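Fold and geometry: a report
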There are 2 protein chains.
Amino acid sequence: MSISTRFSVGIHILSLLEINKEGVNTSEFIAKSVNTNPALIRKITGMLRNAGLVNVRPGIAGATLAKELSDITLLDVYQAVNVVQDKELFGIHDNPNPACPVGRNIQDAIEPIFSIAELALEKALGVVTIEDIVKDILEKEELGKRSF
Amino acid sequence: MSISTRFSVGIHILSLLEINKEGVNTSEFIAKSVNTNPALIRKITGMLRNAGLVNVRPGIAGATLAKELSDITLLDVYQAVNVVQDKELFGIHDNPNPACPVGRNIQDAIEPIFSIAELALEKALGVVTIEDIVKDILEKEELGKRSF
DNA sequence: TAACTTGTAACTACTTGTATTACATGTTAA
DNA sequence: TTAACATGTAATACAAGTAGTTACAAGTTA
């Protein structure tokens with residue numbers, strides 16, 4: 001089981017909006033870069049818009065960034081695309097037996113630990129921005145072009 | 001999307017094996033505490049056995065712990081029950097367009113970051129042992145019994 | 001008005017998780 | 001040796017989520 005690719009697609013979209021900021025980034029154009037369907041891109045772009053990360057309006061071609069690149073963390077994207085509901089990264093089996101000492105206490109015992117683990121994950125995502133990703137992409141691009 | 005409850009059930013099973021170590025912990029007994037099916041318990045117990053965490057043998061009633069409580073971390077359980085394949089917590093959309101600067105570099109740009117985040121999660125799980133969980137359960141149990 | 005774009009619903013195919021049933025295999029004790 | 005019981009495992013069913021696709025209403029622009 002993996003966290004939905006909507007997350008990585010969201011990162012892809014935002015990076016593309018920056019790198020191709022001179023062009024018009026329609027859902028069809030973005031879909032070709034991601035290699036998927038325009039409708040799926042519009043769905044994800046809509047989520048990014050709801051989170052205040054991009055500007056995109058009905059009828060008007062192209063999406064644009066709504067915030068500074070350095071102001072958008074991967075955590076913002078992660079939360080925007082709804083891949084994991086808050087505090088629900090780990091599924092906890094419900095209705096354990098209340099007649100059992102373990103059953104009636106296990107949930108309270110593991111929930112705080114799951115929260116800590118989830119927060120550790122989110123913290124790691126929170127320190128990386130789309131700007132970092134874009135810089136990395138452009139760097140790799142230059143390296144690829146270099147002839148030895 | 002959530003990480004399978006096999007993880008929390010695995011923690012439940014191991015805690016129960018300790019707290020009810022005087023009794024015989026058959027799959028049916030454990031299933032009643034977890035409130036699920038004996039077959040599912042046997043499946044998970046089998047995974048814990050493959051990871052060297054419990055002793056359980058065909059035909060012989062009851063599972064027992066195979067390691068010291070303080071030697072079993074939640075990370076051990078997490079890995080034992082196979083809820084997430086290594087390096088695959090985050091799904092990455094495949095076949096991005098190689099003709100696009102973003103498409104041909106995005107995977108390499110985000111993979112290391114996803115790895116770091118995944119490791120942060122695992123680290124948080126690695127510092128908590130089943131002993132900690134058991135202590136917490138017994139503590140809550142005492143608190144529940146206390147009359148003010 | 002025509003052409004184009006976004007927003008969104010509906011549908012399909014696929015995968016995974018969980019519950020359940022069934023039964024082969026192994027163990028124990030009368 | 002047989003009866004009773006436990007584990008291991010396969011098969012099935014169902015729900016939920018993902019991803020791909022089509023279709024079309026509604027908004028925008030020339």
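All values reported here derive from a predicted model rather than from experimental measurement. (Residues numbered from 1 in each chain as written. Chains lettered and ligands numbered in written order. Predicted model: local features only at pLDDT ≥ 70, side-chain atom pairs only at ≥ 80, totals over all residues. Heavy atoms only, no water.)

**Some words on helix α3 (residues 38–50) of chain B**
Residues and elements named next belong to chain B.
- For α3, spanning 13 residues, the distance from its first C-alpha to its last is 18 Å, which sits close to the expected 18 Å at 1.5 Å a residue.
- Its buried side turned inward, α3 meets α1 (6–19), α2 (27–34), β1 (54–55) and α4 (74–80).
- Directly after α3, the chain includes G52, whose backbone phi takes a positive value near 75 degrees. (Helix = DSSP H or I, 4+ residues; strand = E, 2+ residues; numbered from the N terminus. Expected span 1.5 Å × (residues − 1). Contact = heavy atoms within 4.5 Å.)

**A short note on the relation of the copies chain A and chain B**
- Structural alignment of chain A on chain B gives an RMSD of 0.1 Å, achieved by rotating through 180 degrees and translating 0.0 Å along the axis. Read as a symmetry element, the transformation amounts to a two-fold axis.
- Looking at chain A, 100% of its interface residues are interface residues in chain B too, so the copies touch through the same face. (Least-squares fit on C-alpha atoms with pLDDT ≥ 70 in both.)

**Some details on the protein's contact with DNA strand C**
- Contacts to DNA strand C come from 24 residues, most closely from R49 of chain A together with S4, T5, T36 and L40 of chain B.
- Sugar and phosphate atoms form 65% of the subset of DNA strand C atoms that lie within 4 Å of the protein.
- Between DNA strand C and S27 of chain A, the relevant distance is 2.9 Å, taken from a phosphate oxygen to a side-chain nitrogen or oxygen of the residue.
- Take R49 of chain A: an N or O atom from its side chain is 2.5 Å from a phosphate oxygen of DNA strand C.
- The set of elements that each furnish at least two residues to the surface near DNA strand C consists of α3 (38–50) of chain A together with α3 of chain B.
- Residues that form the surface near DNA strand C fall into these classes: 10 nonpolar, nine polar and five charged. (Near = heavy atom within 4 Å. Polar contact = N/O pair within 3.5 Å; in protein donor to acceptor, adjacent residues only side chain to side chain. Nonpolar A, V, L, I, M, F, W, Y, C, P; charged D, E, K, R; others polar.)

Honestly, that's just the spatial picture; any functional story needs more than this.
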